[in-house]
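Observations on the three-dimensional arrangement
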Amino acid sequence: MTDAVRKKLKSAKLWAIFVAVAVGVWGLAFYWIAQPTRGEKLEIWLGASFSLKSEVIAEVETTARAHGIKECAINSYDPRDTYYAQAFGLRANSVDIYILEKATSETLFETGIFAPLEYERDGAEFLRLDDTDAVYGVKLVGDYYIFVNSASKKDTALLYDVISVLADAGASL
C-alpha cells in the first residue's frame, strides 16, 4: 500500500461515512423485511365524502387482528375529487373491502369486481345488483354499501366479521 492510501484509510471521516452508509442499508433492509405480507394486511376503500370514526377504525383493527391481520389500511377517497377514478383504477384490485355509493357500485358491477356474499344478518339491508338472488352489498349508511373484492384472497370469516363491525357502526356515522 502506498502512503496516500494509508493516509486515506486512517481518515475518521471516511470510516464515519462507511459506518453511516452500512447502518442505513441494514436499517432499510430490516424495515422492508418487517413489513406485513399481502396476506397479513387488510385494505378497505372508503369512497365517500365522510370518514369512519376512530372508534370504528379501532374496532375493525381489533377484529382483523383476531384473524391474524397485522395491518389495516382504511383509506378514504372523496368521489368529488378530480382524480378519484384514476386512484380507483390503480388501487381497485389490491383492496379487500369497498364502501361505495349505490350508484357507483351499479356502474362498477359490470366489471365483475364484487364478489357475491353469503352473508346473513338479521335486520341488515342487502343490495342485489343483477337479476339473480345473489347479494353483493350490505348497507352501511344512507346510500352507501359494503362490498367484497372478488379478487380478495382473505378468509371469508375475516371479511364477514369486518362487515359486521362496519354494519353495526353504520347507524352511528
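The structure this text deals with has already been given above.
Residues numbered from 1 in each chain as written. Predicted model: local features only at pLDDT ≥ 70, side-chain atom pairs only at ≥ 80, totals over all residues. Heavy atoms only, no water.

1. Here's the deal with the overall build of the protein
From N to C terminus, the protein includes 6 helices and 6 strands. Listed by position from the N terminus, the elements making up the protein come as α-α-β-α-β-α-β-α-β-β-β-α. Scaling as 2.2 N^0.38, a compact globule of 173 residues should have a C-alpha radius of gyration of about 16 Å, whereas the protein reaches 23 Å, well beyond that. Across its three principal directions, the C-alpha atoms of the protein cover 85 × 35 × 25 Å. Across the 173 residues that make up the protein, the buried fraction comes to 34%. (Helix = DSSP H or I, 4+ residues; strand = E, 2+ residues; numbered from the N terminus. Rg over C-alpha atoms; globule rule 2.2 N^0.38 Å. Buried < 20%, exposed > 50% of the residue type's maximum accessible area, 1.4 Å probe, protein only.)

2. Some words on the pairing of strand 6 (residues 144–148)
In regular strands, side chains alternate between the two faces of the sheet. In terms of residue burial, strand 6 counts as a mostly covered element, since 5 of its 5 residues are buried. Both faces of strand 6 are covered, namely the face carrying Tyr144, Ile146 and Val148 and the face carrying Tyr145 and Phe147. Bridge count for strand 3 (residues 97–101) against strand 6 is 5 bridges, and the pairing is antiparallel. Across the sheet, the residue bridging to leucine 100 is tyrosine 145, located in strand 6. Alignment of strand 5 (residues 137–141) against strand 6, held across 3 bridges, turns out to be antiparallel. By the bridge assignment, valine 141 is partnered in strand 6 with tyrosine 144. (Pairing = 2+ DSSP bridges.)

3. Some remarks on the sheet that holds strand 4 (residues 126–127)
Reading across the sheet, the 6 strands line up as 2-1-3-6-5-4 and stay open at both edges, with mixed pairing between neighbours. Only two strands of the sheet have a single partner each, and these edge strands are strand 2 (71–77) and strand 4.

4. A few points about the pairing of strand 1 (residues 41–47)
Burial within strand 1 is extensive, with 6 of its 7 residues counted as buried. By the bridge criterion, 7 bridges tie strand 1 to strand 2 in an arrangement that is parallel. Of the residues in strand 2, the one forming a bridge with isoleucine 44 is isoleucine 74. Assessed by its sense of winding, the connection that carries the chain from strand 1 through helix 3 (residues 54–65) to strand 2 is right-handed. Bridge count for strand 1 against strand 3 is 3 bridges, and the pairing is parallel. Paired with isoleucine 44 across the two strands is isoleucine 97, which belongs to strand 3. (Right-handed = clockwise from strand over helix to strand, strands pointing away.)

5. Focus: the packing of aromatic side chains
Aromatic ring pairs are reported here in terms of the distance separating the ring centres and the angle at which the planes meet. Using the criterion set out here, one finds 12 aromatic pairs in the structure. Pairing phenylalanine 114 with phenylalanine 147 gives two aromatic rings, centres 4.3 Å apart and planes at 20°, and the pair type is stacked. Note that phenylalanine 114 is positioned in the loop between helix 5 (102–108) and strand 4 and phenylalanine 147 in strand 6, a separation of 33 residues in sequence. (Phe/Tyr/Trp six-rings, centres within 6.5 Å; stacked < 30°, edge-to-face > 60°.)

6. Quick notes on the packing of helix 3 against helix 6 (residues 156–169)
Remark: helix 3 packs on helix 6, axes separated minimally by 9 Å, with the N-to-C direction vectors making an angle of 160°. One element, helix 3, and the other, helix 6, form an angle in the roughly antiparallel class. Seen along the crossing, helix 3 lies across helix 6 with a hand that is right-handed. Between helix 3 and helix 6, the residues in contact are Val56, Glu59, Val60, Thr63 and Ala64 and Leu158, Asp161, Val162, Val165, Leu166 and Ala169, respectively. (Axes fitted to C-alpha atoms, helices over the stretch in contact; angles between N-to-C directions. Parallel < 35°, antiparallel > 145°, perpendicular 65-115°, else oblique. Left-handed = near helix turned anticlockwise from the far one by under 90°. Contact = heavy atoms within 4.5 Å.)

7. Quick look at the pattern of salt bridges
Taken as a whole, this structure holds 7 salt bridges when the rule is applied. The salt bridge partner of arginine 38 is glutamate 43, with a shortest N-O separation of 3.4 Å. Between aspartate 78 and arginine 80 there is a salt bridge; the shortest N-O distance is 2.7 Å. Bridged by salt links that share partners, the residues Arg38, Glu43, Arg91, Asp96 and Lys154 form one connected network. (Salt bridge = Lys/Arg side-chain N within 4 Å of Asp/Glu carboxyl O.)

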